[in-house]
Protein chains: 2
Amino acid sequence: MKRIITISRECGSGGRTIGRKLAEKLGYAFYDRELIDRVAKESGLAKEFIEEQGEHITGSLLFNIASNMTYAGQVFGGHMLPLQDQLYVVQSDIIKDIAEKENCVIVGRCADYILKERDDALHVFIHADLKDKMERAVKDYGFDQDGVEKALRKKDKARANHYRYYTDAEWGKTQNYDITLNSSTCGLDGCVDILYTIVKELE
Amino acid sequence: MKRIITISRECGSGGRTIGRKLAEKLGYAFYDRELIDRVAKESGLAKEFIEEQGEHITGSLLFNIASNMTYAGQVFGGHMLPLQDQLYVVQSDIIKDIAEKENCVIVGRCADYILKERDDALHVFIHADLKDKMERAVKDYGFDQDGVEKALRKKDKARANHYRYYTDAEWGKTQNYDITLNSSTCGLDGCVDILYTIVKELE
């Protein structure tokens with residue numbers, strides 16, 4: 001049976017690494033940067049814009065509306081859509097297309113919501129203890145030690161805002177996922193093993 | 001290493017059954033009715049009162065305060081405490097005592113919060129799709145088919161109110177648990193297997 005795994009994650013939780021290792025172990029395709037590349041190709045939008053705006057709403061809603069109005073220009077299905085909304089539409093279509101075609105692991109980008117009606121999708125959320133997230137953010141992602149806690153909160157808040165804006169649902173809410181894991185409890189490899197076991201169990 | 005597993009659960013999710021089967025599989029003690037018996041013995045409170053009031057706050061807060069004032073009578077540590085608060089104190093002490101002594105699975109009763117500082121505790125939350133919860137509630141717990149959805153929501157709301165009242169935290173929130181599982185995805189036995197694997201992994 002075909003299987004799609006979506007991984008949503010707190011910033012610094014190691015969720016992306018878990019997704020990559022899980023895809024390797026299962027022999028599934030892995031979509032993270034690969035998704036950005038494809039969205040860039042099909043939308044003509046810059047990779048940096050997709051990376052930043054495809055998962056986050058930063059600043060106030062008014063700021064975002066204003067920015068979108070300034071940059072809006074493309075005609076989309078006969079209508080003018082703000083750039084960020086165009087991005088969401090293209091991204092959703094590509095995620096649906098990928099899900100139709102192959103076994104895969106998709107990280108972030110509201111994929112859990114976009115694919116929530118599919119019976120072959122397993123939706124995962126990874127979180128972690130603050131201490132571990134801070135350590136990982138500094139060591140692996142190059143965050144400044146100074147203010148790392150605040151930076152992590154801001155990033156997760158931007159993800160939650162983006163998710164709520166496009167789905168009208170709550171990012172990270174237990175009931176939206178088949179399984180949530182604290183990676184501080186089991187370790188990244190432990191999480192990979194647990195998710196691998198579940199996928200095999202479901203077969 | 002000693003291990004305590006707390007299981008919080010939506011009504012009708014099968015969380016209690018998962019807890020019982022997991023305890024059997026691991027050879028751990030299982031605390032559910034057994035906890036009520038012990039609380040009854042140590043507090044002198046009626047089992048029915050413990051069963052109902054040990055996890056739920058039903059009705060309005062004012063109603064509860066009024067009931068508590070009416071029934072309050074015992075002197076507790078030199079102070080007069082409403083009955084429901086006395087129950088919470090006794091229950092917490094017993095849960096801490098059990099956790100100190102043996103490998104065990106404890107269902108409900110804010111055990112996750114009461115034991116949240118322990119490194120040997122694994123905190124689990126079980127939820128399920130509404131359709132499955134409704135079926136289980138009617139078939140296994142004798143709920144009336146008529147109004148079962150409303151009854152389930154009321155029960156979970158009472159659990160959430162009780163949890164918030166005593167812990168000032170949010171019942172069912174992803175970040176409060178090491179793992180949350182949708183029992184509709186994996187089945188009750190599947191959940192038992194997954195949790196068993198995790199416990200073994202942690203050893």
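Structure: see above.
The text that follows walks through the structure, step by step, so that each part is easy to find. Bear in mind the structure is a predicted one, so any value in this text is a computation, not a measurement. (Residues numbered from 1 in each chain as written. Chains lettered and ligands numbered in written order. Predicted model: local features only at pLDDT ≥ 70, side-chain atom pairs only at ≥ 80, totals over all residues. Heavy atoms only, no water.)

1. Regarding unusual backbone geometry
All names here are of chain B. Definition in use: Comment: elements are numbered from the N terminus, with helices defined as DSSP H or I runs of at least four residues and strands as E runs of at least two. The buried label applies to any residue whose accessible area, calculated with a 1.4 Å probe on protein chains only, is under 20% of its type's maximum; exposed applies above 50%, and partly exposed to all values in between.
The phi angle at arginine 109 is positive, at roughly 60°, despite the residue not being glycine. Note that arginine 109 resides in the loop between strand E5 (104-107) and helix H6 (111-114). At cysteine 110, a residue that is not glycine, the phi angle is positive and equals roughly 60°. By the element assignment, cysteine 110 lies in the loop between E5 and H6. Note on cysteine 110: relative accessible area 6%, which makes it buried.

2. Some points on the relation of the copies chain B and chain A
In plain terms, the rule: Copy-to-copy alignment: least squares on C-alpha atoms, limited to residues at pLDDT 70 or above in both. Residues are treated as being in contact if the distance between any of their heavy atoms lies within 4.5 Å.
Mapping chain B onto chain A leaves a residual RMSD of 0.0 Å; the transformation is a rotation of 180° accompanied by 0.0 Å of translation along its axis. The superposition operator between the copies reduces to a two-fold rotation axis. Comparing contact sets, 100% of the residues at the interface of chain B also lie at the interface in chain A, consistent with an isologous, same-surface contact.

3. Quick look at the packing of helix H2 (residues 33-43) of chain B against helix H5 (residues 83-101) of chain B
Residue and element names in this part refer to chain B. Threshold: Lines are fitted to the C-alpha atoms to define the axes, a helix being fitted only along its stretch in contact, and any angle between axes, read from their N-to-C directions, falls within 0 to 180 degrees. Here roughly perpendicular refers to angles of 65 to 115 degrees, roughly parallel to angles under 35, roughly antiparallel to angles over 145, and oblique to all remaining angles. By the definition used in this description, the sense in which the near helix is turned from the far one sets the handedness, with an anticlockwise turn below a right angle giving left-handed and a clockwise turn giving right-handed. Gly is placed with the polar residues, together with every amino acid not listed as nonpolar (Ala, Val, Leu, Ile, Met, Phe, Trp, Tyr, Cys and Pro) or charged (Asp, Glu, Lys and Arg).
Contact pair H2 / H5: the axes reach a minimum separation of 10 Å and the direction vectors enclose 120°. In terms of their interaxial angle, H2 and H5 are classed as oblique. H2 and H5 meet at a crossing whose hand is right-handed. In contact with Leu35, Arg38, Val39, Glu42 and Ser43 of H2, H5 contributes Leu87, Val90, Gln91, Ile94, Ile95, Asp97 and Ile98. Residues that form the contact of H2 with H5 fall into these classes: seven nonpolar, two polar and three charged.

4. A word on helix H7 (residues 130-141) of chain B
Residues and elements named next belong to chain B. Inclusion rule: Regarding the arc, it is the one traced by the directions from the helix axis to the C-beta atoms.
When we look at burial in H7, the residues that qualify are Lys133, Met134, Arg136 and Ala137. The buried residues of H7 occupy one face: seen down the axis, they fall within an arc of 165°. Of the exposed residues in H7, the ones pointing more than 90 degrees away from its buried face are Lys131, Glu135 and Lys139. One or two residues past the end of H7 sits glycine 142, with phi positive at roughly 70°.

5. A short note on the pairing of strand E7 (residues 179-182) of chain A
Under the convention used in this document: A pair of strands is treated as paired once DSSP finds two or more bridges between them.
Here E7 of chain A shows no split at all, with Ile179 and Leu181 of chain A on one side and Thr180 and Asn182 of chain A on the other all buried. When strand E6 (residues 121-127) of chain A meets E7 of chain A, the two strands line up parallel, connected through four bridges. Across the sheet, residue valine 124 of chain A finds its bridge partner in E7 of chain A, namely isoleucine 179 of chain A. Pairing of E7 of chain A with strand E7 (residues 179-182) of chain B involves three bridges; the strand directions are antiparallel. Residue pairing across strands places isoleucine 179 of chain A opposite leucine 181 of chain B, the latter belonging to E7 of chain B.

6. Focus: the interface of chain B and chain A
Stated precisely, the cut-off is as follows: Accessible-area loss on putting two parts together, using a 1.4 Å probe and summing over both, is the definition of buried area adopted here. Salt bridges are identified by distance alone: a Lys or Arg side-chain nitrogen within 4 Å of an Asp or Glu carboxyl oxygen. For the purposes of these results, a polar contact is taken to be a pair of N or O atoms within 3.5 Å, where, inside protein, one atom must be able to donate a hydrogen and its partner to accept one; residues adjacent in sequence count only when each atom of the pair is a side-chain atom.
Counting from both sides, the interface comprises 23 residues of chain B and, opposite them, 23 residues of chain A. Between chain B and chain A, roughly 1,800 Å² of surface is buried when both sides are summed, and carbon and sulfur atoms account for 53% of that area. Linking chain B to chain A there are zero salt bridges. At the junction of chain B with chain A, the criterion picks out 14 residue pairs in polar contact (both at pLDDT 80 or more). Counting residues per element, the ones that place at least two in the side of chain B that touches chain A are strand E6 (121-127), E7 and helix H9 (183-202) of chain B. Here the residues of the side of chain B that touches chain A are counted per class, giving nine nonpolar, nine polar and five charged.

7. A few points about the packing of aromatic side chains
Here is the rule we go by: Only Phe, Tyr and Trp rings are paired, with Trp represented by its six-membered ring, and only when their centres lie within 6.5 Å; those with planes under 30 degrees apart are stacked, over 60 edge-to-face, the remainder tilted. Any Lys NZ or Arg CZ that is within 6 Å of a ring centre and within 35 degrees of that ring's normal is treated as a charge sitting over the ring.
Tallied over the full model, the rule gives ten aromatic pairs over all chains. Geometrically, the ring pair formed by phenylalanine 125 of chain B and tryptophan 171 of chain B is edge-to-face, given 5.3 Å between the ring centres and 80° between the ring planes. Linking phenylalanine 125 of chain B in strand E6 with tryptophan 171 of chain B in the loop between helix H8 (148-167) and E7, this pair joins segments that are 46 residues apart in sequence. When sorted by exposure, phenylalanine 125 of chain B lands in the same class as tryptophan 171 of chain B, which is buried. A network of ring pairs unites the aromatic residues Tyr88, Tyr165 and Tyr166 of chain A as a single cluster. Here the guanidinium or amino end of lysine 25 of chain A rests over the ring plane of tyrosine 196 of chain A, the centre of that ring lying 4.9 Å away.

8. Here's the deal with the sheet that holds E7 of chain B
The ten strands lie next to each other as E2(A)-E5(A)-E1(A)-E6(A)-E7(A)-E7(B)-E6(B)-E1(B)-E5(B)-E2(B), forming an open sheet whose pairing is mixed. Each edge of the open sheet is held by one strand with a lone partner, namely strand E2 (29-31) of chain A together with strand E2 (29-31) of chain B. Ignoring which end each strand starts from, the neighbouring axes of this sheet average 20° apart. As paired elements, strand E1 (residues 4-9) of chain B and E6 of chain B share six bridges and run parallel to each other. Across the sheet, residue isoleucine 4 of chain B finds its bridge partner in E6 of chain B, namely alanine 121 of chain B. Contacts from H9 of chain B reach E6 of chain A together with E1, E6 and E7 of chain B within the one sheet, and its direction differs from that of E7 of chain B by about 155°.

9. Focus: the environment of cysteine 104 of chain B
Residues and elements named next belong to chain B. The topology assignment puts cysteine 104 in strand E5. Among the residues examined, cysteine 104 registers a relative accessible area of 0% and is labelled buried. Counting along the chain gives 70 residues from cysteine 104 to glutamate 34, while the straight-line C-alpha distance between them is 12 Å. Beyond its immediate chain neighbours, meaning those up to four positions away, cysteine 104 contacts Arg3, Ile4, Ile5, Tyr28, Ala29, Tyr31 and Ile98.

10. What about the environment of lysine 157 of chain B?
Checked against the element boundaries, lysine 157 of chain B lands in helix H8. Expressed as a C-alpha distance, the spacing of lysine 157 of chain B and histidine 56 of chain B, which sit 101 residues apart in the sequence, is 8.3 Å.

Bear in mind that shape data such as this cannot, by itself, settle questions of function.
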